[in-house]
Amino acid sequence: MIPWRKRIDHRFEALASWLGDHAGKALLLSLLVLMIAASGVRFLKIDTSNEAFLHADDPTLVTYNEFRQQFGRDELIALMITPKEVFDPVFLTTLRELHRDLETEVPYVDEVTSLINGRVTKGYEDELIVEDLFEVWPQTQSEWQSIQDYAVSNPLYQNLLISEDATATSVVIRTQAYVYPGESGFSENDLETDGFDDFASESDNVDLATFEDSGFEETGLQAPRLLNDAENAAAIKAVRQVIAKYNSPDFPIQIAGSPIITHDLKSSLMRDLPRYMLLALVIIGGLLFVLFRRLSGVLIPLAIMFASLFTTVGLMGWTGTPFTVPTQILPSFLLAVCVGAAIHLMAIFYRDFDRTRSKQKSLAYALGHSGLPIVMTSLTTSGGLISFAGAELAPLAALGIFASTGVLVALAYTLIALPSLILLMPLKPKPQSLALASNGTVNEESNSNTFATPRENKSSSSENRLQLWLDRFLTHCGDFAAKRPSTVIVGAALIFVLSVASISQLHFSHNILAWFPDSSPTKQATAQIDHRMKGSVSLEVVVDTHRANGLYDPNILMGLQKAGEELKAYNDEFVFVGQTTSLSDIVKEIHRALNEDQPEFYVVPDDAQVIAQEIFLFSNSSAEDLEEVVDTQYSQARLTAKVPFVDSVSYLQFFNTMETRITELFPEDVELTFTGLLILLSRTINAVMISTVESYLIASVVITLLMILLIGEWRAGLLSMIPNLFPIFVTLGLMGLLDIPLDMFTLLIGSIAIGLAVDDTIHFMHNFRRYFQETGSSFEAIHHTLQTTGRAMLFTSLVLASGFLNLTLSSMNNLTNFGLLTAFAIVMALLSDILLAPALMTVAYRKLSKAQESPQRKIA
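All figures in this text were calculated on a predicted structure; none of them were measured in a lab. (Residues numbered from 1 in each chain as written. Predicted model: local features only at pLDDT ≥ 70, side-chain atom pairs only at ≥ 80, totals over all residues. Heavy atoms only, no water.)

J.: Hey, could you run me through the nonpolar core in this one?
T.: Side chains of a nonpolar character, in soluble globular proteins, are inclined to be buried together. If you look at the biggest cluster of nonpolar residues, it comprises 210 residues, and the most contacted ones within it are Phe333 and Phe654. Looking at this core, the element that brings in the most residues is helix H12 (residues 394-424), giving 16 residues. Judged by nonpolar contacts, the second largest core, of 38 residues, contains Leu98, Val112, Ile255 and Ile260. (Core = buried A, V, L, I, M, F, W, Y, C linked by side-chain atoms within 4.5 Å. Buried < 20%, exposed > 50% of the residue type's maximum accessible area, 1.4 Å probe, protein only. Helix = DSSP H or I, 4+ residues; strand = E, 2+ residues; numbered from the N terminus.)

Next comes the structure, spelled out in structure tokens:
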């Protein structure tokens with residue numbers, strides 16, 4: 001063995017001796033750290049908003065917040081109603097009641113828009129009148145028909161208030177983007193938010209730099225803040241309560257919109273998290289009992305597991321890091337991963353304890369035997385995860401930081417608290433006959449090479465037959481790989497080639513709606529609204545002239561008009577534009593109304609003074625409508641394009657094409673800013689692609705260097721990476737074969753899996769080199785390695801796979817896919833370590849082996 005490794009092994013043995021004298025103090029210190037860290041759980045926040053995918057200082061998000069400050073919220077709650085006849089008086093009467101209830105019963109509402117208050121602009125001599133479509137309720141058939149004709153012929157109503165075929169109508173609810181404390185009349189203590197009140201919202205205390213110079217401190221008023229998750233939930237709950245009163249076969253209502261999607265994501269998170277943790281506890285506890293057959297073998301690892309989890313989650317609370325949609329996998333991940341080191345240490349301890357019957361000696365042996373590989377596995381797992389720390393996606397960066405932190409926390413508890421618990425708890429060794437059966441096939445002393453085959457344990461009790469079968473399985477795998485290395489390597493190479501071919505079919509995706517099951521009412525409603533009302537999200541373009549009254553320039557308004565025409569003309573396989581709105585539409589509407597509603601006057605005037613006068617007349621009657629599309633200085637204008645909610649990848653071509661075309665329509669001194677929810681989603685998929693490449697490269701380099709350091713030989717270190725990388729390629733190949741996209745969840749699989757796969761590889765390599773130096777035979781070294789650490793490798797893999805498989809119980813497709821694929825990668829990693837790694841070591845150490853032909857073993 002390499003001298004420095006021997007010295008490290010002795011240091012771990014010395015740690016056991018020190019703990020033997022100070023176990024109580026060490027355990028108290030561990031409990032103190034746990035209590036302090038875990039107390040941060042009370043500060044834990046939850047944020048499932050689209051903005052949470054980006055860092056607070058991301059330019060795209062900064063621009064979006066500036067847009068919302070100026071023009072209000074662009075994320076809308078959309079209701080679509082499909083009656084037998086839209087313009088039936090009975091239906092419209094019910095629609096008016098629904099409209100009123102939404103305005104009066106839903107908190108934090110900025111505006112409700114429907115056919116009831118659709119804008120009508122009329123000219124009377126030199127006077128401009130702006131009123132609602134149903135300003136006066138019709139009394140005669142001719143009045144009803146007049147309203148219907150106006151609504152159907154108005155181009156601004158199409159796909160906004162009424163479908164193209166006039167068979168569906170919509171109600172659009174815009175909630176406030178910002179709120180002032182106390183302005184709504186709703187106390188946060190009064191909010192009923194479906195269980196969300198136990199957690200703070202990430203946007204509760206948003207520090208808005210845009211308000212720093214607004215004078216709030218001087219006046220004593222509190223600055224406005226973003227509407228938080230609890231307030232959004234309260235608004236959505238109230239909307240659904242109102243809808244429930246009206247929804248019927250004659251008045252069918254569907255509800256969608258990005259606020260609804262965000263809310264339902266959070267509901268799923270809150271509903272599934274306790275289920276994941278409970279199931280993980282049951283599965284891991286059961287596997288621990290099967291492995292150790294001792295109550296202490298279950299309770300001690302579970303104690304370490306939960307201590308690591310609560311410490312890590314508490315640190316998230318202390319640092320103000322929110323739980324987001326991607327980070328919801330953190331508890332299940334930590335519950336599975338943090339128990340792995342404990343399993344390896346306790347497996348060696350119990351085996352030796354049943355022989356020596358001395359806790360102190362056996363603990364020293366276990367730490368000396370497995371301490372170094374446990375540290376190295378924790379470092380490599382942490383290294384694989386920390387590769388996400390620099391991700392452009394904020395949730396992935398947080399996941400990388402706190403998942404890697406959790407692994408290191410678990411390492412500290414495993415090396416300090418776990419041995420202390422062992423020393424302080426009353427433990428009894430098993431009788432020798434039962435110990436042999438329970439502990440597998442090894443009768444191992446610290447310097448002994450005496451091994452017993454499974455056949456020698458036939459007398460074991462029936463309760464240990466599963467353990468004996470597993471030992472036989474490991475023995476067969478190791479012997480097969482050692483005797484037929486070429487077969488194993490060629491087979492692996494063939495699978496690798498097929499996987500690489502399938503990887504070429506992989507594609508990126510960020511489609512939040514696809515995460516929902518097909519049975520989801522939100523998913524179905526969004527698809528229907530996108531189909532019939534031609535869109536449910538928007539692209540926002542801000543045109544900044546950088547001069548007061550710059551929007552009176554006819555060329556600017558003509559640019560807005562042509563930009564709208566370019567947008568509506570766009571149509572590819574996935575993206576289309578159902579409607580656009582801007583200041584040019586309002587100006588054309590005014591100009592026609594002041595010219596006796598003649599169609600030929602539905603144009604932008606070519607005189608700036610005429611435009612200024614007409615806008616002034618309109619502002620006197622409907623200033624609120626202007627505030628939604630221009631700033632107070634008339635230097636900035638807003639252009640909104642309504643598009644369907646599809647995969648964000650599909651928006652990239654649309655955005656790039658439109659950016660080029662629209663920019664050409666305006667003078668060079670005019671600044672165009674593209675923002676809105678669509679741009680946030682597009683920025684997210686860009687960040688996904690960048691983060692994928694960076695994290696995979698960083699994880700591979702970090703883990704390779706650590707493997708070379710552990711093994712002490714660069715060639716062997718590089719060779720050991722083959723069984724670590726092989727399961728990643730196979731898993732990615734399976735994704736390509738099954739057409740599973742690479743999104744912000746599945747991209748985690750590679751870095752997580754390589755960090756976990758290398759754990760078993762380290763244990764295998766560490767023990768292989770130990771036994772090869774003792775026996776001089778690669779065959780014997782492989783056999784002894786799998787018979788000592790093999791069972792712990794097998795059970796840690798089962799624990800990890802089970803921990804991720806419980807994610808398949810989620811109601812969300814993204815978590816189901818992530819759980820299945822990660823579990824598959826872990827199983828493939830295990831097979832690589834018990835088949836491919838032995839085959840590679842047999843070939844690599846063939847010339848050094850003392851015995852060219854290994855003795856044949858009779859395996860039962």
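J.: I keep staring at the sheet that holds strand E10 (residues 253-256) and nothing clicks. Help me out?
T.: Sheet strands pair by backbone hydrogen bonding; their relative direction is either parallel or antiparallel. Across the sheet, 4 strands lie side by side as E3-E6-E2-E10; this open sheet has antiparallel pairing. Only two strands of the sheet have a single partner each, and these edge strands are strand E3 (109-113) and E10. Here the strands of the sheet are splayed against their neighbours by 15° on average, with no regard to which way each runs. Running over the sheet, helix H3 (residues 89-105) touches strand E2 (77-81), E3, strand E6 (169-175) and E10 and is turned about 175° from E3. Seen against the sheet, helix H16 (residues 521-532) touches E2 and E10 and runs at an angle of roughly 100° to E10. (Pairing = 2+ DSSP bridges. Axes fitted to C-alpha atoms, helices over the stretch in contact; angles between N-to-C directions. Contact = heavy atoms within 4.5 Å.)

J.: I'm lost on the environment of Glu75 in this one. Help?
T.: Along the chain, the position of Glu75 falls in the loop between helix H2 (59-71) and E2. Along the sequence, Glu75 and Gln176 sit 101 residues apart, while their C-alpha atoms lie 9.8 Å from each other. Discounting residues that sit within four places of it in the chain, Glu75 has contacts with Asn50, Glu51, Tyr64, Arg68, Ser258, Pro259 and Leu677. Only 2.9 Å separates the side chain of Glu75 from the side chain of Ser258, close enough to count as a polar contact. (Polar contact = N/O pair within 3.5 Å; in protein donor to acceptor, adjacent residues only side chain to side chain.)

J.: Explain the packing of aromatic side chains to me, please; I cannot follow it from the model alone.
T.: When we look at a pair of aromatic rings, we describe it by the centre distance and by the angle of the planes. Scanning the model with the defined rule gives 22 aromatic pairs in all. On the basis of an interplanar angle of 65° and a centroid distance of 5.0 Å, the ring pair of Phe496 and Phe729 is categorised as edge-to-face. Of this pair, Phe496 sits in helix H15 (residues 485-503) while Phe729 sits in helix H24 (residues 722-738), and the two are 233 residues apart along the sequence. Since its relative accessible area comes to 31%, Phe729 is described here as partly exposed. Ring plane angle 85° and centroid distance 5.3 Å describe the contact between Trp515 and Phe745, whose orientation is recorded as edge-to-face. (Phe/Tyr/Trp six-rings, centres within 6.5 Å; stacked < 30°, edge-to-face > 60°.)

J.: I'm lost on the pairing of strand E5 (residues 127-132) in this one. Help?
T.: The side chains of a regular strand alternate, first on one face of the sheet and then on the other. Sheet topology places strand E4 (residues 119-124) next to E5; 6 bridges connect them, and they run antiparallel. Across the sheet, Lys122 pairs through a bridge with Ile129, a residue of E5. Linkage of E4 to E5, two consecutive antiparallel strands, is achieved through a turn of 2 residues, within which Glu125 is found at a positive phi near 55°.

J.: Quick question: what am I supposed to make of the confidence of the model for the protein here?
T.: As a general rule, the predicted coordinates of low-pLDDT regions are not to be interpreted in detail. Confidence along the protein averages 84 in pLDDT terms, with 88% of residues attaining 70 or more. In this model, residues 184-219 is a region of pLDDT below 50 whose contacts with residues beyond four sequence positions or in other chains number 62 contacts. Considering only residues more than four positions removed or in separate chains, one finds that residues 434-460, a stretch of pLDDT under 50, has 57 contacts. (pLDDT = per-residue confidence, 0-100.)

J.: Can you help me understand the sheet that holds strand E14 (residues 671-675) in this one?
T.: The strand order across the open sheet formed by 4 strands is E12-E13-E11-E14, and the pairing between neighbours is antiparallel. Looking at the sheet topology across the chains shown, the edges are occupied by strand E12 (579-581) and E14. Adjacent strand axes in the sheet meet at a mean angle of 15° when their direction is disregarded. Note: strand E11 (residues 537-544) against E14, 5 bridges, orientation antiparallel. Considered in E14, the bridge of Glu540 is made with Thr675. Strands in contact with helix H21 (residues 648-663) are E11, strand E13 (636-643) and E14; relative to E14, the strand with the most contacts, it is inclined by about 165°.

J.: Honestly, the side chain of Ser114 in this entry has me stumped. Any pointers?
T.: The residue Ser114 is located in the loop between E3 and E4 in this model. Look at Ser114 and you get buried, because its relative accessible area is 0%.

J.: Even after reading the chapter, I still don't get the side chain of Thr580, so can you show me in this structure?
T.: For Thr580, the location among the structural elements is in strand E12. For Thr580, a relative accessible area of 4% gives the class buried.

J.: Would you mind showing me how to read the packing of helix H26 (residues 778-788) against helix H28 (residues 813-844) here?
T.: In helix packing, the relevant descriptors are the interaxial angle and the interaxial distance, both defined with respect to the helix axes. The geometry of H26 relative to H28 is characterised by a closest axis approach of 10 Å and an angle of 155° between their N-to-C directions. With respect to their mutual orientation, H26 and H28 come out roughly antiparallel. H26 and H28 meet at a crossing whose hand is right-handed. Of the residues in H28, those touching H26 at Ser778, Ile782 and Leu786 are Ile834, Pro838, Met841 and Thr842. Grouping the amino acids of the contact of H26 with H28 by side-chain chemistry returns 5 nonpolar, 2 polar and no charged. (Parallel < 35°, antiparallel > 145°, perpendicular 65-115°, else oblique. Left-handed = near helix turned anticlockwise from the far one by under 90°. Nonpolar A, V, L, I, M, F, W, Y, C, P; charged D, E, K, R; others polar.)

J.: Before we go on, may I ask you to explain a nonpolar patch on the surface in this structure?
T.: A cluster of nonpolar side chains, namely Leu29, Leu32, Val33 and Ile36, defines an oily patch on the protein surface of about 370 Å² accessible area. Assessed through its relative accessible area of 42%, Val33 is described here as partly exposed. (Patch = residues over 30% accessible without salt bridge, like charges linked within 9 Å, V, L, I, M, F, W, Y side chains within 5 Å. Areas by Shrake-Rupley, 256 points an atom, 1.4 Å probe, with all protein chains shown as cover. Salt bridge = Lys/Arg side-chain N within 4 Å of Asp/Glu carboxyl O.)

J.: Just to check I follow, could you spell out helix H4 (residues 141-153) for this structure?
T.: Each turn of an α-helix holds 3.6 residues, which means side chains three or four residues apart point in the same direction. For H4, with 13 residues, the first-to-last C-alpha span of 18 Å sits near the 18 Å given by 1.5 Å per residue. Within the sequence span of H4, burial applies to Trp144, Ile147 and Ala151. Buried positions in H4, seen along its axis, are confined to an arc of 65° and lie on one side of it. Exposed side of H4, more than 90 degrees from the buried face: Gln141, Ser142 and Ser153 are the residues found there. Buried residues along H4 sit in contact with H3. (Expected span 1.5 Å × (residues − 1). Arc of directions from axis to C-beta.)

J.: Explain helix H8 (residues 295-319) to me, please; I cannot follow it from the model alone.
T.: Look at H8: 36 Å from first C-alpha to last across 25 residues, which is about the 36 Å you get at 1.5 Å a residue. At the exit of H8 stands Gly320, carrying a positive phi of roughly 75°.

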